[in-house]
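# Structural description and commentary
Each chain, letter by letter, is given below.
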Amino acid sequence: MKRDLPRILILNGSCLDVVERLREWTAAQAADIIADDLFRSLSADQLDRVFQGAHAAIVPSAVPLSGDHMKKFQTLKTISFASSGYDSIDLDAATRNGIVVTNAPVPELFEAVADMTFGLILAVAREIPQHHLKISAGNYSRG
């Protein structure tokens, strides 16, 4: 870890899904970007270790950041939710600890969520994943 660079944690699953593809770009940034698949399932006890020395974090709404945690993270200045909600964080505690909280309230996502919901409904109703597996295995029967 380079001490002179800001340390940015990526804990959000959607961001973790693409971080390897963007590794060249992230390496070129003036930051120490930390992303690990193990971050997908952090417990409250593990937060202390992971957030130690972090300056910023992109988190899912399920990360349980309490006011007590935020007091411990003296270097933490920004928490960004890669979603529209931020109910899991105590905003007053973040403000008291000098931490800026951001989120991504993108109205365009509502339509995408609706599209995906209808797509999943059709996939379940028509058993598309099951038929895909059968065909992939070479079974072309309709039964």
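Residues numbered from 1 in each chain as written. Predicted model: local features only at pLDDT ≥ 70, side-chain atom pairs only at ≥ 80, totals over all residues. Heavy atoms only, no water.

## Describing the nonpolar core
As a reminder of what qualifies: For our purposes a nonpolar core is just a set of buried Ala, Val, Leu, Ile, Met, Phe, Trp, Tyr and Cys residues, chained together by side-chain atoms within 4.5 Å. The rule is simple: take the accessible area with a 1.4 Å probe, protein chains only, and divide by the maximum for that residue type; under 20% is buried, over 50% is exposed, in between is partly exposed. Every helix listed is a DSSP run of H or I at least four residues long, and every strand listed is a run of E at least two residues long, numbered separately from the N terminus. A contact between two residues is defined here by any heavy atoms of the two lying within 4.5 Å.
Counting 26 residues, the largest nonpolar core has Leu9, Leu11, Phe51, Val59, Leu65 and Ile79 as the members making the most contacts within it. For this core, the secondary structure elements donating two or more residues are strand S1 (7–10), helix H1 (13–19), helix H3 (44–51), strand S3 (56–59), strand S4 (78–81) and helix H5 (91–96). Setting aside residues up to four positions removed in sequence, Phe51 forms contacts with Arg7, Leu9, Leu11, Ala57, Val59, Leu65, Phe73 and Leu76.

## What to know about the environment of Leu16
Looking at the secondary structure, you find Leu16 in helix H1. Residues Leu16 and Ala35 lie 19 residues apart in sequence; the distance between their C-alpha atoms is 6.6 Å. Every residue in contact with Leu16, bar those within four places of it in the chain, is listed here: Ile10, Leu11, Ala35, Asp36, Asp37, Phe39 and Arg40.

## Thoughts on the confidence of the model for the protein
This is how the line gets drawn: Note on scores: pLDDT gives the predictor's confidence for each residue, bounded by 0 and 100.
In this model, the protein carries a mean pLDDT of 82, and residues with pLDDT of at least 70 account for 90%. Taken element by element, the protein is modelled with least confidence in helix H6 (residues 108–125), mean pLDDT 72, and with most confidence in H5, mean pLDDT 92.

## So, the environment of Val50
Inspection of the secondary structure assignment puts Val50 in helix H3. Measuring from C-alpha to C-alpha, the distance between Val50 and Ala94 comes to 18 Å, with 44 residues separating the pair along the chain. Once you skip the residues sitting within four places of it in the chain, Val50 turns out to touch Arg7, Leu9, Phe39 and Leu42.

## A short note on the layout of surface pockets
As a reminder, the rule being used: Cavities and pockets are defined on a 1 Å grid built over the protein atoms alone: a cavity is a set of grid points where a 1.4 Å probe fits but cannot escape, while a pocket is an open set with protein on both sides within 12 Å along at least five of seven lines, and lining residues are those with an atom within 4 Å of any such point. Grid points are joined across faces, edges and corners, and a volume is the space filled by probe spheres set on the points. In the scheme used here, Gly and all other residues not listed as nonpolar or charged are polar, with Ala, Val, Leu, Ile, Met, Phe, Trp, Tyr, Cys and Pro taken as nonpolar and Asp, Glu, Lys and Arg as charged.
Estimated volume of the largest pocket: approximately 210 Å³. Taken together, Ile8, Ile10, Cys15, Val18, Val19, Leu22, Trp25, Thr26, Ile33 and Ile58 make up the full set of residues lining the largest pocket. Broken down by element, the residue count for the lining of the largest pocket peaks at 3 residues, all from H1. Along the lines of polarity and charge, the residues of the lining of the largest pocket split into 9 nonpolar, 1 polar and no charged.

## Structural notes on the pattern of salt bridges
Under the convention used in this document: A side-chain nitrogen of Lys or Arg and a carboxyl oxygen of Asp or Glu constitute a salt bridge if their distance falls within 4 Å.
The final tally for this structure, using the stated rule, is 4 salt bridges. Measuring nitrogen to oxygen at the nearest pair gives 2.9 Å for the salt bridge that ties Glu20 to Arg23. What makes Glu20 exposed here is its relative accessible area of 56%. Since its relative accessible area comes to 27%, Arg23 is described here as partly exposed. Of the charged contacts, one joins Asp37 and Arg40 as a salt bridge, the two residues approaching to 3.0 Å between their closest N and O atoms. Given the relative accessible area of 52%, Asp37 is considered exposed. Each of Asp17, Asp37 and Arg40 takes part in a single network of salt bridges with overlapping partners.

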